[in-house]
Amino acid sequence: MKVLVIGAGNMGLAYAKALVKSEFLSSHNLMISDTDAQKTEELKKVSRFDVFTNLEDCLPVADIIFIAVKPYHSEDLFKEIKHLMTKDQLVISIMAGVTIQSMKDGLGITKVVRAMPNLPAQVGKGLTSFTASDEVSRLELSTVENLLNTTGKSVRLDTENDIDASTGISGSGPAYVFYFMQSMMDAAKKMGFSEHDSKVLVSQTFEGAVELFNKSDLSPQSWMNRVASKGGTTRAALDSMEDNNVKQLIEEAAYAAFDRAVELGK
Ligand SMILES: NC(=O)c1ccc[n+]([C@@H]2O[C@H](COP(=O)([O-])OP(=O)(O)OC[C@H]3O[C@@H](n4cnc5c(N)ncnc54)[C@H](OP(=O)(O)O)[C@@H]3O)[C@@H](O)[C@H]2O)c1
């Protein structure tokens, strides 16, 4: 099986590197293509996969084509490659808002997977949600899952609306965590801690809390109940958050991302 990654940007490279590292594919079965000649020349020097600038040289031999260009490049790309595509090729797209139907029409194919990764894919801790057209077989779905899992975990969803919803949770979610971290670091600095100490206080707190959560069967609510004793410091902080409707504001933010994802898909 040969996989071609189109777009050697942040995400395309993250997947290409993870695929090679996982040994899911041997290196000569992984190809990567980018329009930027300087980028491809640099990649050729260091990469463990075959690098191309011209899609005519690699696309015809690919079984799976992984599209990782920006959504606004999709129309030009589709025009460029439609005549090279065959019906048995499978496309996995991570382009936000580009629908399965528009890929079927734009590429003249039927086997399409639409996926939504998130930023931690770059460190092997990503979450990719995906859904597929009916023409993708069970066996192909399992291959797709293995491929996506090289950058972390994946969740298969039923509809494209679910993909838009997952954009509001996991796709955009890392930025919500960064927002929370930044706010806590700013509070720490206001209390007099140095930049360095604020960073350590906050990052270790996040890492520790996530690890506790992952290593137990307890819900976040149960953990909150455990640490927040009546009349204590943590209870005071959680009560303040409740009084200020922080939970509702987070829900509204997630829905704002969901709604924007739906809008972008139109
Ligand atoms: N970054 C994230 O966290 C994230 C999360 C979810 C989804 N996504 C999706 O992932 C996709 C890629 O994002 P990114 O941040 O990796 O973008 P990026 O860094 O801009 O990478 C895209 C690369 O594709 C190249 N390219 C454009 N047209 C091409 C063509 N016709 N053939 C070959 N290469 C082409 C671009 O070259 P030029 O620079 O020369 O244009 C660029 O190097 C986007 O569609 C985005 O919606 C990203």
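This is a predicted model, so every value here is computed, not measured.

Caption draft 1: Structural context of the overall build of the protein chain. The secondary structure content of the protein chain amounts to 11 helices and 8 strands. Of all 266 residues assigned to the protein chain, the portion counted as buried reaches 39%. Sequence-distant contacts, at least 24 apart, represent 61% of the contacts inside the protein chain between residues at least 6 apart. Of the roughly 15,600 Å² of accessible surface on the protein chain, 54% is carried by carbon and sulfur atoms. Looking at charge distribution, the protein chain has the averaged site of its 28 positive side-chain charges lying 4 Å from that of its 35 negative ones.

Caption draft 2: Representation of the pattern of salt bridges in the model. In total, this model carries 10 salt bridges according to the counting rule given. The residue E140 makes a salt bridge to K111 at a minimum N-O spacing of 2.8 Å. Placement of the pair is E140 in helix α5 (residues 138–149) and K111 in the loop between α4 (100–107) and β6 (112–116), with a sequence separation of 29 residues. When its relative accessible area of 16% is taken as the criterion, K111 is described as buried. Between R235 and D239 there is a salt bridge, with its nearest N and O atoms 3.3 Å apart. Of the two residues, R235 and D239 both sit in helix α10 (residues 233–243), 4 residues apart, roughly one turn of that helix. Its relative accessible area of 25% is what places R235 among the partly exposed residues.

Caption draft 3: Focus on the domain arrangement of the protein chain. The domain architecture assigned to the protein chain consists of domain 1 (3–158) and domain 2 (173–265). Linking domain 1 to domain 2 there are 0 residue pairs in polar contact (both at pLDDT 80 or more). Here the residues of the side of domain 1 that touches domain 2 are counted per class, giving 2 nonpolar, 3 polar and no charged.

Caption draft 4: Representation of α4 within the structure. All buried positions along α4 are accounted for by I100, M103, K104, G106 and L107. Tucked inside the fold, the buried residues of α4 contact β4 (64–67), α3 (74–81), β5 (90–93), β6, β7 (126–132) and α6 (160–171). Positive phi appears at G108, one or two residues downstream of α4, with a value of about 65 degrees.

Caption draft 5: Spotlight on unusual backbone geometry. Its identity as a non-glycine residue notwithstanding, N245 has a phi of 55 degrees, on the positive side. Position of N245 among the secondary structure elements: in the loop between α10 and α11 (246–264). Owing to a relative accessible area of 42%, N245 belongs among the partly exposed residues under this scheme.

Caption draft 6: Focus on the pairing of strand β8 (residues 152–156). Of the pairings in the sheet, the one linking β7 to β8 comprises 5 bridges and is parallel in character. Paired with T128 across the bridge in β8 is S154. For the crossover that starts at β7, traverses α5 and ends in the parallel β8, the hand is right-handed.

Cut-offs applied
- Every residue gets a number counted from 1 within its own chain, in the order that chain's sequence is written.
- Local features are withheld for residues below a pLDDT of 70 in this predicted model, meaning they are given only at 70 or higher, and side-chain atom pairs are given and counted only at 80 or more; totals for whole chains, interfaces and linings count all residues.
- With hydrogens and water excluded, all non-hydrogen atoms of the structure serve as input to the side-chain values.
- Helix and strand labels come from DSSP, where a helix needs a run of H or I of at least four residues and a strand needs a run of E of at least two; each type is numbered from the N terminus.
- Only protein chains enter the accessibility calculation, which uses a 1.4 Å probe. A residue is then buried if its area is under 20% of the maximum for its type, exposed if over 50%, and partly exposed in between.
- Only heavy atoms matter for contacts: two residues are in contact if any of them lie within 4.5 Å across the pair.
- Accessible surface area values rest on a Shrake-Rupley calculation with a 1.4 Å probe, where residue burial reflects the displayed protein chains alone.
- For this count, His and the chain ends are skipped, Lys and Arg are scored as positive, and Asp and Glu as negative.
- Where a charge lies is defined by one atom per residue type: Lys uses NZ, Arg uses CZ, Asp uses CG and Glu uses CD.
- Whenever Lys or Arg places a side-chain nitrogen within 4 Å of a carboxyl oxygen from Asp or Glu, that contact is recorded as a salt bridge.
- Where a domain begins and ends is set by an automatic assignment or by a domain database.
- N or O atoms closer than or at 3.5 Å make up a polar contact, with two conditions inside protein: a donor-capable atom paired with an acceptor-capable one, and, for residues adjacent in sequence, both atoms drawn from side chains.
- Gly falls in the polar group here, along with every residue not listed as nonpolar (Ala, Val, Leu, Ile, Met, Phe, Trp, Tyr, Cys, Pro) or charged (Asp, Glu, Lys, Arg).
- Any two strands with at least two DSSP-identified bridges between them are counted as paired.
- Here the term right-handed applies to a crossover when the path leading from its first strand over the helix to its second strand runs clockwise, the strands being oriented away from the viewer.

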